[in-house]
Amino acid sequence: MGSAWLFGLVASSALVIGAAIGVRFRLPKRLLAILLSFAAGALITALSFELFEDAYERGGLVRAALGLLVGALVFAVLSALLDRWAQPRKRPVPAGEVEGSVKLDTDTAAADRPATTASTRGAAGLALLAAVTLDGVPENLALGVSLGGAGSGGLALLAAIFVSNLPEALVGASSMRARGQSAASILLLWGACAAVLVLAVVVGAGPFANSDPETISLPLAFAAGAVIASLADTLMPEAYEHGGPAVALSTAAGFVLSFTLSLA
């Protein structure tokens with residue numbers, strides 16, 4: 001159980017670190033894009049080898065595939081609702097272009113861009129906080145399961161969760177700060193989210209780890225679906241939009257690091 005608490009604290013500490021940076025500093029847009037693409041690369045390894053593969057080995061292809069599709073569907077539906085709640089950017093959208101998600105509005109955390117209306121209202125930051133909790137709970141449950149059972153011990157998944165939590169918390173906290181919310185209340189909100197995710201790791205390493213393999217396969221597959229949906233919906237589009245083709249290298253670097261850790 002000690003390792004579960006340790007892994008949970010490390011993974012969730014990125015939320016507090018990112019929020020602390022977000023309330024104090026504004027970073028270059030390209031650096032934010034690089035952070036996001038690196039996180040995307042790490043998550044690709046994690047969902048493939050730490051989540052979906054484990055779900056397949058424990059519960060079979062049908063159960064794993066259905067769990068993944070349900071996870072992706074739930075994330076996509078709630079993501080659309082969060083986008084509507086955050087009130088998308090009020091700007092003309094050129095023909096043939098699809099407006100991106102406002103949950104990860106990096107303009108509010110960038111030193112070289114003005115914040116959008118959604119960000120200054122603070123809605124984007126609150127929506128992002130909800131989104132982090134949405135995909136974070138199954139991810140951290142899966143991290144706990146990997147500590148309590150067979151596999152690589154969750155190092156790759158730990159790294160992927162950490163590097164994805166950091167930019168998301170940074171941008172979300174910046175959005176809340178742009179609205180005028182106090183730094184103390186922002187850190188309290190993100191700290192509470194971090195605490196919930198730490199508990200998810202502990203639950204995954206405790207009650208879930210002692211369940212039969214078919215039962216465990218469902219949250220693993222669900223987490224994989226939520227992760228792959230978040231990659232397609234938010235992380236990768238936002239990274240490419242503001243980083244251009246150069247983000248391909250940072251995505252590859254994130255993949256290599258996460259894969260190397262999965263071999264440990």
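Check the entry above for the structure.
Sequence order as written defines residue numbering, which begins from 1 separately in each chain. Note on the predicted model: pLDDT of at least 70 is required for a residue's local features to be given, and 80 or more for side-chain atom pairs to be given and counted; whole-chain, interface and lining totals, by contrast, use all residues. The basis for the side-chain values is all heavy atoms of the structure; hydrogens and waters are excluded.

Undergrad: What should I look at first to understand the packing of aromatic side chains in this one?
TA: The relative placement of two aromatic rings is captured by the distance of their centres and the angle of their planes. Only rings of Phe, Tyr and Trp enter the pairing, Trp through its six-membered ring, and a pair is recorded when the two centres are within 6.5 Å. The plane angle decides the type: under 30 degrees is stacked, over 60 is edge-to-face, the rest tilted. Taken as a whole and judged by the stated rule, the model has two aromatic pairs. Where F255 meets F259, the ring centres are 6.2 Å apart and the plane angle is 10 degrees; that geometry is what we call stacked. Of this pair, F255 and F259 both sit in helix α8 (residues 247–262), four residues apart, which is roughly one turn of the helix. Every member of this aromatic cluster is reached through a ring pair, and the members are F49, F255 and F259. Secondary structure elements follow DSSP: runs of H or I of four or more residues count as helices, runs of E of two or more count as strands, with numbering from the N terminus.

Undergrad: Hey, could you run me through the side chain of N165 in this one?
TA: Looking at the element boundaries, N165 is found in helix α5 (residues 155–179). Summary of the burial criterion: residues with accessible area below 20% of their type's maximum are buried, those above 50% are exposed, and those between are partly exposed, where the area comes from a 1.4 Å probe applied to protein chains only. Taking relative accessible area as the criterion, N165 reaches 3% and is therefore assigned buried. Here, residues are in contact when the closest pair of their heavy atoms is within 4.5 Å. Non-local contacts of N165, meaning those with residues more than four positions away in its chain, are made with A11, A14, L15 and V132.

Undergrad: Honestly, empty space enclosed by the protein in this entry has me stumped. Any pointers?
TA: Taking a probe equal in size to a water molecule and rolling it over the atoms shows the remaining empty space. The definitions used throughout rest on a 1 Å grid laid over the protein atoms alone, on which a cavity is an enclosed set of points accommodating a 1.4 Å probe that cannot get out and a pocket is an open set flanked by protein within 12 Å on both sides along at least five of seven lines; lining residues are those having an atom within 4 Å of a point. Grid points are joined across faces, edges and corners, and a volume is the space filled by probe spheres set on the points. Going through the model one piece at a time under the given rule, you end up with two cavities of 30 Å³ or more. Computed from the structure, the largest cavity encloses a volume of approximately 60 Å³. Looking at the largest cavity, it is lined by ten residues, and the ones nearest its centre are F75, A131, E168, S230 and T234. Of all the elements in the fold, those that place two or more residues in the lining of the largest cavity are α4 (123–148) and α7 (213–243). In terms of residue count, the dominant contributor to the lining of the largest cavity is α4 (four residues). Size it by volume and the second largest cavity reaches roughly 50 Å³. Lining the second largest cavity are L43, V132, D135, G136, E139, S164, N165, E168, S230 and L235. The set of elements that each furnish at least two residues to the lining of the second largest cavity consists of α4, α5 and α7. A per-element tally of the lining of the second largest cavity places α4 first, with four residues.

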